[in-house]
Amino acid sequence: GRENPNLSAPFGHWNFSDAAGNLLAEGMEFDRVGWFNGEKLAPVCKDGKWAYLDAEGNLVTDFVYDACWDSQWAFDENTREYREISPCAAYSLTGGYAPVCREGKWGVIDETGREIVPTLYGGAAPYPGGAWLADGDV
């Protein structure tokens, strides 16, 4: 499901820029971003869903993927308390591939954003040059 909108961008909006301050994805604001780490794509989040952006600032996937790892603390304006959001990130590419999660099922995308392994598996984790996949529930 979607996260509380008061927690979706607890630190403002994000984008990427070059050393001169030029925005990579002009006109776009993301709730969270991942990293390029020398890869061709980086994960970006909007309204609780993740997509992948290329180094030219083009979205190469739709915002269809779920957060699948990491955690962060955010202040909830409704309860006036901090709470942990977990998971809160999507995997960055490693060796040209990233595990992705959609509706609780896992697959793998390549550096073009294409699902080379459909989201049908019970779990996944990045592995140098690919991803580990679990067949069945984990």
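Residues numbered from 1 in each chain as written. Predicted model: local features only at pLDDT ≥ 70, side-chain atom pairs only at ≥ 80, totals over all residues. Heavy atoms only, no water.

### Concerning the overall build of the protein
No. 1: When helices and strands are counted, the protein shows zero helices and ten strands.
No. 2: In sequence order, the secondary structure elements of the protein are arranged as β-β-β-β-β-β-β-β-β-β.
No. 3: The buried share of the protein, reckoned over its 138 residues, is 41%.
No. 4: Nonlocal contacts in the protein, meaning residues at least 24 apart in sequence, comprise 33% of its contacts between residues at least 6 apart. (Helix = DSSP H or I, 4+ residues; strand = E, 2+ residues; numbered from the N terminus. Buried < 20%, exposed > 50% of the residue type's maximum accessible area, 1.4 Å probe, protein only. Contact = heavy atoms within 4.5 Å.)

### Quick notes on the side chain of Glu39
No. 1: Of note, Glu39 is situated in the loop between β1 (32-33) and β2 (41-46).
No. 2: Within the structure, Glu39 has its side chain in polar contact with the backbone nitrogen of Gly95 (distance 2.8 Å).
No. 3: Residues in contact with Glu39, not counting those within four places in the same chain, are Leu93, Thr94, Gly95 and Gly96. (Polar contact = N/O pair within 3.5 Å; in protein donor to acceptor, adjacent residues only side chain to side chain.)

### Some remarks on the packing of aromatic side chains
No. 1: Scanning all chains against the criterion turns up five aromatic pairs.
No. 2: Plain terms: the ring middles of Tyr52 and Tyr65 are 6.3 Å apart, the flat faces sit at 70° to each other, and that makes the pair edge-to-face. Of this pair, Tyr52 sits in strand β3 (residues 49-54) while Tyr65 sits in the loop between β3 and β4 (72-76), placing them 13 residues apart in sequence.
No. 3: Residue Tyr52 is classed as buried on the basis of its relative accessible area, which comes to 0%. (Phe/Tyr/Trp six-rings, centres within 6.5 Å; stacked < 30°, edge-to-face > 60°.)

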